[in-house]
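Listed below are the residues making up each chain.
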Amino acid sequence: MEDLKELAATTPVHPARPPRRWGRAILYVLAAVGALALALIALAYWLHEKDAHKRVTIDEEAVIDDVMGQTYGKYSAAKKGWLYVGDDNVTYLMRVVQQAKIPDGADGDELYFVASGNDVSGGTNAVYGAFYVHPDGKDGLAQENTQIRYPSTAPVRPEQVHFEALSENLWGWVIKTRDDADPGYAVTTTNTVLAPHDGQIAVLAEFIAARDATPAKSCEDAKAEWDAWEKEMEGEEGDVAIPLRCDKRRWTYRTATVNGTIPVPITVAAGGTLDGKPVEARSWKLMFDPKSFTYDIPDDLKEQ
């Protein structure tokens, strides 16, 4: 009996071996792998559909023809342009003077173009349209445009349209218009900065680009007449003819290098001659105001 107790005391007692769970573990692993595979398949399908949805391509000529027809009416093969009757009941002959396609837009191709025209009857009326065509998010295209009239005998020409990168995600135009409608006044050229914003084409800035006047007298006599007129008009208002003075001033502009999502500053420099003498060299730095989505323009650069 004591031997049995001694044996029992010296023989280790092993706990019962737990049941094997390898089969259940394998099932868990297979289930997890299957779920992951399904998730990867779903992700690949979503990415494919998303990419297919995003990548909208634009046939430039076809889209321009369609948009121009919607905006201006039927194309005239004889006139080689679109005959557009504006809100002012003036008929303009519209032609495309600039176009640019951005192939790597966020949702596909983006198309920017400008059309311009003048009064077919020879009047002092001109108009230009700025257009932005882009994916609409539904595998189609949307477009915004603005039509701007200005007094002139000539339409905007290709060399008067500069297409610019204003920021990392914003392209726009600087369009020069020449106001030569009244021969009794100086001929003024204006820079207008436009870009798409908030579902429309916004005007970001307007500042002078050139002023030309050649009076029928010497620059000295013209300056004396100007000074007398200016003194007479102090504190008075009225529709009085402004005397011409010798004026051949130029304001050149330069956009800064794009660096970020805020439109870059624009530097404007003055040059040329006034009253037959070189003007003082001056420059201005136009800063963009994100709140108003416009550039701050000093009075010195506004059309006068």
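Below or above, wherever it landed, is the structure these notes cover.

Conventions we followed
- Residues numbered from 1 in each chain as written.
- Predicted model: local features only at pLDDT ≥ 70, side-chain atom pairs only at ≥ 80, totals over all residues.
- Heavy atoms only, no water.
- Phe/Tyr/Trp six-rings, centres within 6.5 Å; stacked < 30°, edge-to-face > 60°.
- Helix = DSSP H or I, 4+ residues; strand = E, 2+ residues; numbered from the N terminus.
- Pairing = 2+ DSSP bridges.
- Buried < 20%, exposed > 50% of the residue type's maximum accessible area, 1.4 Å probe, protein only.
- Contact = heavy atoms within 4.5 Å.
- Salt bridge = Lys/Arg side-chain N within 4 Å of Asp/Glu carboxyl O.
- Core = buried A, V, L, I, M, F, W, Y, C linked by side-chain atoms within 4.5 Å.
- Polar contact = N/O pair within 3.5 Å; in protein donor to acceptor, adjacent residues only side chain to side chain.

## Digging into the packing of aromatic side chains
The tally for this structure, following the rule as stated, stands at 15 aromatic pairs. Centre to centre, the rings of Phe163 and Trp173 are 6.2 Å apart; their planes meet at 50°, and the pair counts as tilted. Of this pair, Phe163 sits in strand 7 (residues 161–167) while Trp173 sits in strand 8 (residues 170–179), and the two are ten residues apart along the sequence.

## Quick word on the pairing of strand 2 (residues 81–85)
As paired elements, strand 1 (residues 75–76) and strand 2 share two bridges and run antiparallel to each other. Within strand 2, the residue paired with Tyr75 across the bridge is Trp82. Joining the antiparallel neighbours strand 1 and strand 2 is a turn of four residues, in which Lys80 adopts a positive phi near 55°.

## What about the side chain of Thr190?
Summarising the element assignment, Thr190 is placed in strand 9 (residues 187–197). Residue Thr190 is classed as buried on the basis of its relative accessible area of 11%. Once residues lying within four places of it in the same chain are set aside, the contact partners of Thr190 are Ile175, Lys176, Thr177, Glu206, Phe207, Ala209 and Glu303.

## Section: the pattern of salt bridges
Considering all chains together, one arrives at eleven salt bridges under this definition. The shortest N-O distance in the salt bridge between Asp109 and Lys101 comes to 3.9 Å. Between Arg250 and Asp212 there is a salt bridge; the shortest N-O distance is 2.9 Å. Here Asp212 lies in strand 10 (residues 200–213) and Arg250 lies in strand 11 (residues 247–255), a separation of 38 residues in the sequence. Here the residues in one salt-bridge network are Asp212, Lys248 and Arg250, joined through shared partners.

## Overview of the nonpolar core
In terms of nonpolar packing, the biggest core is built from 22 residues, with Leu204, Phe207, Val268, Leu286, Tyr295 and Leu301 touching the most fellow members. Going through the elements one at a time, strand 8, strand 9, strand 10, strand 11, strand 12 (266–274) and strand 14 (282–286) are the ones with two or more residues in this core. Of the residues forming this core, the biggest block, five residues, is contributed by strand 10. The next biggest cluster of nonpolar side chains, apart from the first, holds 17 residues, and it includes Ile64, Met68, Phe113 and Phe131.

## A closer look at the side chain of Arg245
If you trace the backbone, Arg245 turns up in the loop between helix 4 (219–232) and strand 11. Judged by relative accessible area, Arg245 falls into the buried class, the value being 14%. Here the side chain of Arg245 touches Asp275 through a polar contact of 2.7 Å, side chain to side chain. Residues in contact with Arg245, not counting those within four places in the same chain, are Ala213, Pro215, Ala222, Lys223, Trp226, Leu274 and Asp275.

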